[in-house]
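# Per-entry structural report
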Amino acid sequence: MSRILTVHGGVPLKGRVKVRGAKNLVPKAMVAALLGNAPSTLRNVPELKDVEVVTSLLQIHGVTVVKDPVTGDLTMDPANAKTASSSEINTHAGDSRIPILLCGPLIHSIGHAFIPDLGGCKIGDRPIDYHLDVLRKFGAVVDKTGGGILISAPNGLKGTKIDLPYPSVGATEQVLLSATRAEGITELSGAATEPEIIDLIAILQKMGAIISVQTDRTIRIEGVKELTGYVHTALPDRNESASWASAALVTGGDIYVEGASQRDMMTFVNTFRKIGGGMDIHDDGIRFYHPGGDLKPLVLETDVHPGFMTDWQQPLVVALTQAEGVSIVHETVYENRFGFTEALTRMGASIQLHRECLGSVPCRFGQRNFIHSAVISGSTPLKGATIDIPDLRGGFSHMIAALAAQGTSTVTGIDIISRGYERFTDKLNGLGADFEVHESSRALV
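Thresholds, definitions, all that
- Residues numbered from 1 in each chain as written.
- Predicted model: local features only at pLDDT ≥ 70, side-chain atom pairs only at ≥ 80, totals over all residues.
- Heavy atoms only, no water.
- UniProt positions renumbered as here; feature names shortened; annotations may be inferred.
- Pairing = 2+ DSSP bridges.
- Helix = DSSP H or I, 4+ residues; strand = E, 2+ residues; numbered from the N terminus.
- Salt bridge = Lys/Arg side-chain N within 4 Å of Asp/Glu carboxyl O.
- Buried < 20%, exposed > 50% of the residue type's maximum accessible area, 1.4 Å probe, protein only.
- Contact = heavy atoms within 4.5 Å.
- Phe/Tyr/Trp six-rings, centres within 6.5 Å; stacked < 30°, edge-to-face > 60°.
- Lys NZ or Arg CZ within 6 Å of the ring centre and 35° of its normal.

An unreviewed UniProt entry annotates the protein chain as UDP-N-acetylglucosamine 1-carboxyvinyltransferase originating from Arthrobacter livingstonensis. Under the UniProt heading Sequence similarities (unreviewed entry), the note attached to the protein chain is "Belongs to the EPSP synthase family. MurA subfamily." Note on the protein chain: under the UniProt heading Function (unreviewed entry), the record states "Cell wall formation. Adds enolpyruvyl to UDP-N-acetylglucosamine."

In the sheet, strand 18 (residues 325-330) pairs with strand 20 (residues 373-378) via six bridges, with the strands oriented antiparallel. Along strand 20, the bridge assignment pairs Gly325 with Gly378. Looking at chain direction, strand 19 (residues 350-354) and strand 20 are connected through five bridges and run antiparallel. Considered in strand 20, the bridge of Ile351 is made with Ile376.

On to the pattern of salt bridges, then. In the structure shown here, the tally under the stated rule is 20 salt bridges. Put simply, Glu258 and Arg16 hold a salt bridge, and the shortest N to O gap is 3.4 Å. In this pair, Glu258 sits in strand 14 (residues 254-258) while Arg16 sits in strand 2 (residues 14-18), placing the two residues 242 residues apart along the sequence. Residue Arg16 is classed as partly exposed on the basis of its relative accessible area, which comes to 47%.

On to the environment of Leu200. Relative to the helices and strands, Leu200 is located in helix 7 (residues 195-206). Residues Leu200 and His232, spaced 32 residues apart in sequence, show a C-alpha to C-alpha distance of 9.9 Å. With near-sequence residues (within four places) excluded, Leu200 lies in contact with Leu25, Lys28, Ala29, Ala32, Glu173 and Leu176.

So, on to the packing of aromatic side chains. Considering all chains together, one arrives at twelve aromatic pairs under this definition. Note on Trp244 and Phe396: the rings are 5.2 Å apart at their centroids and 85° apart in plane angle, and the pair reads as edge-to-face. With Trp244 in helix 8 (residues 238-251) and Phe396 in helix 12 (residues 392-404), this pair connects stretches of sequence that are 152 residues apart. Exposure class is identical for Trp244 and Phe396. Each is buried. Consider the rings of Phe272 and Phe288, whose centres lie 5.2 Å apart with planes at 75°: the pair is edge-to-face. Note that Phe272 is positioned in helix 9 (residues 266-275) and Phe288 in strand 16 (residues 285-289), a separation of 16 residues in sequence. Each member of the pair, Phe272 together with Phe288, is buried. What links up through ring pairs into an aromatic cluster is the set Phe268, Phe272, Phe288, Phe308 and Trp312. Lying over the aromatic face of Tyr289, Arg287 brings its terminal NZ or CZ to 4.0 Å of the ring centre. If you follow Arg364 out to its NZ or CZ, it ends over the ring of Tyr166, 3.5 Å from the centre.

Here you go:
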């Protein structure tokens, strides 16, 4: 069964939400527990679909996973790590792209890894070739089968030099998780340096890894034979924090995001102020609100950290439909992240999409015929519509558009939002949103 939301728009979202550990860190930190020779404890863990998927994957590989019923902390003990049957692993085919990151730790623990067909949001070409190429450079043997990929390393993983053509977060995570126990030194050039990457490095250091990060996006890992467990509190989810900030702006609301961290959101904070949003920054969170008056248009370009995150772009585009004037958004990270605007256009937004680079500098998509720039003319009143959610951040964007719109919207496919937003409907209730949840027999895809 899947859920459908009937949303009655026009109600400002007001109140308080709590944001816990980052979706882009927690599942990877759980995978890292496989590398240790002792139990690991991860704190500030949110209730997300990806956490459920990784918990199950660890368990079928013999890892004991215990959740504290009061705090929600996860303790993972890899002492009995073992080979899982392909049928067990295949139950997770299409669930998430996280399983590819198990490869290095599983090879170190049990000598091989089997990865099912991978899922994830359909927002662009996210090839796993990066991951497979990385593993081959470590000495892994990759065999594609009918139901997935079998990866082994008869002679163990060996340190290597890797130069990424683009600072991919996933490929950087793969290198870190594979290199820490590989024999010799690994040097990764062109690495991603997002806060979640740095937090993962902090976890691996707690386990005994030797990792240095240089100013030119080079990461150097000296392999060690053994790692121990860790105790770590996951950094807060800056993507969810920014999403609720945009929700406050779009609906004319006032939301205190408990757990939001200014340090990891500085680029977003600057942009939020430029568009006309109000905020009060505290040690334990940030209050985001619409101060009244007109919102201002802007020119925005997404980029890797420390630039403006691509995950922040989609919810903010909804806010830009309410700004007085013309805004330009140039997407440089994923080549297919404006599909969600079709629903916004049906709701009354004025958005034109372009294949040209409309930002300050040409990007890697400019000569490849991808639609990756948007011109948003505002302000335009939004009206209710029937919406089918396409992906995680686009889904949240559709939800806040429906909440801001005049009239009633029917939103299907909302279960994908649970991949990145903990207790999403509970939080909406707490903020005063007017909606009903219905069950549908529609199969999830």
